[in-house]
Amino acid sequence: MIIQICIGSACHLKGSEKLVELFQKAIEEHRLENEITLAGSFCTGKCNRVGVTITIDDEVYPGVTPETFAEFFNEKVLKRIREGRG
């Protein structure tokens, strides 16, 4: 699974650095280092008024915030890995 966090200007201002830290911590806590590649990306053109744009494989999710991170990670990352689509 490849997770890309937008680090373009708008997402940077909306906290992409904090989301990178949250992803790194969650990946480590769940011991998913061998299953997930975490990368930065520049603007995907899917900017949202709130939050950062995250791309998982080919699916784009705009508007992720530190407050919504835990639910996002559980639903979009852990669930996919458990279902064998990671």
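In this report, the structure presented in the accompanying data block is examined. Everything quoted here is computed from the prediction, not taken from an experiment. (Residues numbered from 1 in each chain as written. Predicted model: local features only at pLDDT ≥ 70, side-chain atom pairs only at ≥ 80, totals over all residues. Heavy atoms only, no water.)

An α-helical turn contains 3.6 residues, so a residue and the one three or four places further along point in the same direction. With 14 residues, helix α2 (residues 16–29) extends 20 Å from end C-alpha to end C-alpha; this agrees with the ideal 20 Å at 1.5 Å per step. Restricting attention to buried positions, one finds in α2 the residues Ser16, Leu19, Leu22, Phe23, Ala26 and Ile27. Buried residues along α2 cover an arc of 130 degrees about the axis, so they all sit on one side. In α2, those exposed residues whose orientation departs by more than 90 degrees from the buried face are Glu17, Lys25, Glu28 and Glu29. Backbone geometry just after α2 places Arg31 at a positive phi near 55 degrees. (Helix = DSSP H or I, 4+ residues; strand = E, 2+ residues; numbered from the N terminus. Expected span 1.5 Å × (residues − 1). Buried < 20%, exposed > 50% of the residue type's maximum accessible area, 1.4 Å probe, protein only. Arc of directions from axis to C-beta.)

All right, on to the nonpolar core then. Counting residues in hydrophobic clusters, the biggest one holds 23 residues, and the most contacted among them are Ile3, Phe23, Ile36, Ile54, Ile56, Phe73 and Val77. If you tally residues by element for this core, the top one is helix α3 (residues 69–82), at 6 residues. In this structure Phe23 touches Ile3, Ile5, Leu38, Ile54, Phe69, Phe72, Phe73 and Val77, once residues within four positions along its chain are discounted. (Core = buried A, V, L, I, M, F, W, Y, C linked by side-chain atoms within 4.5 Å. Contact = heavy atoms within 4.5 Å.)

In this section: the side chain of Arg80. Positionally, Arg80 belongs in helix α3. Relative accessible area serves as the criterion here: at 9%, Arg80 is assigned to the buried category. At a separation of 3.1 Å, a polar atom in the side chain of Arg80 contacts the side chain of Asp57. (Polar contact = N/O pair within 3.5 Å; in protein donor to acceptor, adjacent residues only side chain to side chain.)

Read across the open sheet, the 4 strands follow the order β2-β1-β3-β4; overall the sheet is mixed. The open sheet has two edge strands with one neighbour each: β2 (37–41) and β4 (59–64). Looking at each pair of strands side by side, their axes are set apart by 25 degrees on average, direction ignored. Of the strands in this sheet, β1 (2–6), β2, β3 (52–56) and β4 touch α2, which is tilted by about 160 degrees from β1. (Pairing = 2+ DSSP bridges. Axes fitted to C-alpha atoms, helices over the stretch in contact; angles between N-to-C directions.)

On to the pattern of salt bridges, then. Evaluation of the coordinates by the stated rule reveals 3 salt bridges. In this structure, Arg80 and Asp57 form a salt bridge, with 3.1 Å as the shortest nitrogen-oxygen distance. One end of the pair, Arg80, is in helix α3; the other, Asp57, is in the loop between β3 and β4, with 23 residues separating them in the sequence. Of the charged contacts, one joins Glu59 and Arg80 as a salt bridge, the two residues approaching to 4.0 Å between their closest N and O atoms. Of this pair, Glu59 sits in strand β4 while Arg80 sits in helix α3, placing them 21 residues apart in sequence. (Salt bridge = Lys/Arg side-chain N within 4 Å of Asp/Glu carboxyl O.)

Okay, unusual backbone geometry next. The phi angle at Arg31 is positive, at roughly 55 degrees, despite the residue not being glycine. As for its placement among the helices and strands, Arg31 is situated in the loop between α2 and β2. Of the residues examined, Arg31 reaches a relative accessible area of 69% and is grouped as exposed. Even without being a glycine, Asp57 presents a positive backbone phi close to 55 degrees.

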